[in-house]
Amino acid sequence: MSYEVFPRFLQIETHTRCNATCAICPNDQLTRPDMTTEAFYKIINDCKGKGVQEIHPFFTNEPLMERRLWGFMDYIQGQLPEAGIHLYSNMSLMTLKNAENLLRRDNFKFIAFSLDGASKEIFEKMRPGLNWEKVRANCEQFLALRTEMERFDVHTKAVMTLTPDNECDEAAFKAMWTGIVDEVMVMGSDGRARLGNDWQKTQVKSKAYKNDPRWPCRAHRCHTHSMYILSNGDTVPCCKDFDGQTRIGNVLETSVEEVWNSERMNEIRAKLDAGIYDEKACKLCPLWG
């Protein structure tokens, strides 16, 4: 079994708030408290000199609702100058000021626009609480500013998550964003809204799975290079375990390195490499369950 001696990628949830109530997301059903500033700093300090390549300061939330985001980004820059910051955003809060704040920080390297539709009717059905005209205008404003500031090192991606309610917009979505952003991604719903929602009704399997229900586990092998940290400090095996069904350890009780190389983490790695998916998070995983 081969894995990195320290995670190259860390996804850190600092809060669980969002201003949308999307059917494909369980956000409005999560009740974890905000991560303290001191806890966030502790996690970043644990990573110093370890070769971390990316920090994703969000999880099941809207990152632009984090009032401490700019301070967090600056702290990462000071402690981990080699690490790029990656964000996924619904773009509803991407004001000119927020766009400027992001683009003037050298460690900001990637943003995905989470959109899920190519028309007002479909977009607002998929993302209740958001306004299509405002979000699209914010995307266009961000892209124009990126060009003006010559931040072509910031990778942009438009993302559509398919369900039976928005499949009709797939072709239009690809046409709308191809050539405008660096990457267009259309993926099947992973059904992570299982906390009370009937996720099976919202799920459309991604063609990328190629009839292999464990394709994401085999292809991405996140357990060998990525760590996922909830706002209470608990770590989970992958981004699908949004509600902490399989707890590995807690990075506030010990170090990131100790959790990453713990007996529990190695046990999970060995199971996944052997094709054994008996952890609770794996059994509940809507990608195959």
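1. Observations regarding the overall build of the protein chain
- Counting its regular elements, the protein chain contains 10 helices and nine strands.
- Across the 289 residues of the protein chain, 54% fall into the buried class.
- The long-range share in the protein chain, meaning contacts at least 24 apart out of those at least 6 apart in sequence, stands at 74%.
- Put simply, the protein chain shows about 12600 Å² of open surface, and 51% of that area lies on carbon and sulfur atoms.

2. Some words on the packing of aromatic side chains
- Taken as a whole and judged by the stated rule, the model has 11 aromatic pairs.
- Arranged with centres 6.4 Å apart and planes meeting at 85°, the rings of Phe108 and Phe142 form a pair that is edge-to-face. Here Phe142 lies in helix 5 (residues 132–148) and Phe108 lies in strand 4 (residues 108–114), a separation of 34 residues in the sequence.
- Its relative accessible area of 0% is what places Phe108 among the buried residues.
- An angle of 50° between the planes, with centres 5.2 Å apart, marks the rings of Phe123 and Trp132 as tilted.
- One cation-aromatic arrangement involves Arg269 over Tyr3; the distance from NZ or CZ to the ring centre is 3.8 Å.
- One cation-aromatic arrangement involves Arg269 over Trp260; the distance from NZ or CZ to the ring centre is 4.3 Å.

3. Notes on the sheet that holds strand 2 (residues 54–56)
- The nine strands lie next to each other as 6-5-4-3-2-1-7-8-9, forming an open sheet whose pairing is mixed. Pairing within the sheet leaves two strands with one partner each, and these edge strands are strand 6 (183–188) and strand 9 (249–250).
- Running over the sheet, helix 1 (residues 37–46) touches strand 1 (9–12), strand 2 and strand 7 (226–229) and is turned about 175° from strand 1.

4. What to know about the environment of Phe113
- Along the chain, Phe113 turns up in strand 4.
- Considered as a pair, Phe113 and Val159 are 46 residues apart in the sequence and their alpha carbons are 5.9 Å apart.
- The contact partners of Phe113, leaving out residues within four places of it in the chain, are Ser89, Met91, Cys139, Phe142, Leu143, Lys157, Ala158, Val159 and Val181.

5. A closer look at helix 5
- Under the 1.5 Å per step criterion, the end-to-end length of helix 5 is 24 Å for 17 residues, consistent within 8% with the ideal 24 Å.
- If you follow the buried residues of helix 5, they end up packed against helix 3 (96–103), strand 4, helix 4 (120–126), strand 5 (155–162) and helix 6 (170–177).
- Of the residues that open helix 5, the one with a side-chain oxygen 3.1 Å from the backbone nitrogen of Glu133 is Asn131.
- After helix 5 finishes, the residue Glu150 shows a positive phi value of roughly 55°.

6. Re the pairing of strand 1
- The alternating pattern of strand 1 places Phe9 and Gln11 on one face and Leu10 and Ile12 on the opposite face, and all of these are buried.
- Strand direction decides the pairing type here: strand 1 and strand 2, joined by three bridges, are parallel. Across the sheet, residue Phe9 finds its bridge partner in strand 2, namely Glu54.
- Assessed by its sense of winding, the connection that carries the chain from strand 1 through helix 1 to strand 2 is right-handed.
- With four bridges connecting them, strand 1 and strand 7 associate as parallel partners.

7. Topic: the side chain of Asp234
- Looking at the element boundaries, Asp234 is found in strand 8 (residues 234–236).
- We classify Asp234 as buried; its relative accessible area is 16%.
- A distance of 2.8 Å separates polar atoms of two side chains, one belonging to Asp234 and the other to Arg247.
- There is a polar contact of 2.9 Å between the side chain of Asp234 and the side chain of Asn250.
- Beyond its immediate chain neighbours, meaning those up to four positions away, Asp234 contacts Tyr228, Ile229, Arg247, Gly249 and Asn250.

8. A look at the packing of helix 3 against helix 5
- Following both chains from N to C, one finds helix 3 and helix 5 inclined at 40°, their axes separated by 10 Å at the closest point. Here helix 3 lies oblique to helix 5, going by the angle between them. The interaxial crossing formed by helix 3 with helix 5 has right-handed handedness. Contact residues: Leu96, Ala99, Glu100 and Leu103 in helix 3; Gln141, Phe142, Leu145 and Arg146 in helix 5.
- A class-by-class count of the residues in the contact of helix 3 with helix 5 yields five nonpolar, one polar and two charged.

9. What about the state of the cysteines?
- Applying the stated rule across the entire model yields zero disulfides.
- Cys18 supplies the cysteine sulfur nearest to Cys22, a cysteine that is in no disulfide, at a spacing of 6.1 Å.
- For Cys22, a relative accessible area of 11% corresponds to the buried category.

Criteria and thresholds
Residues numbered from 1 in each chain as written. Predicted model: local features only at pLDDT ≥ 70, side-chain atom pairs only at ≥ 80, totals over all residues. Heavy atoms only, no water. Helix = DSSP H or I, 4+ residues; strand = E, 2+ residues; numbered from the N terminus. Buried < 20%, exposed > 50% of the residue type's maximum accessible area, 1.4 Å probe, protein only. Contact = heavy atoms within 4.5 Å. Areas by Shrake-Rupley, 256 points an atom, 1.4 Å probe, with all protein chains shown as cover. Phe/Tyr/Trp six-rings, centres within 6.5 Å; stacked < 30°, edge-to-face > 60°. Lys NZ or Arg CZ within 6 Å of the ring centre and 35° of its normal. Pairing = 2+ DSSP bridges. Axes fitted to C-alpha atoms, helices over the stretch in contact; angles between N-to-C directions. Expected span 1.5 Å × (residues − 1). Polar contact = N/O pair within 3.5 Å; in protein donor to acceptor, adjacent residues only side chain to side chain. Right-handed = clockwise from strand over helix to strand, strands pointing away. Parallel < 35°, antiparallel > 145°, perpendicular 65-115°, else oblique. Left-handed = near helix turned anticlockwise from the far one by under 90°. Nonpolar A, V, L, I, M, F, W, Y, C, P; charged D, E, K, R; others polar. Disulfide = S-S within 2.5 Å.

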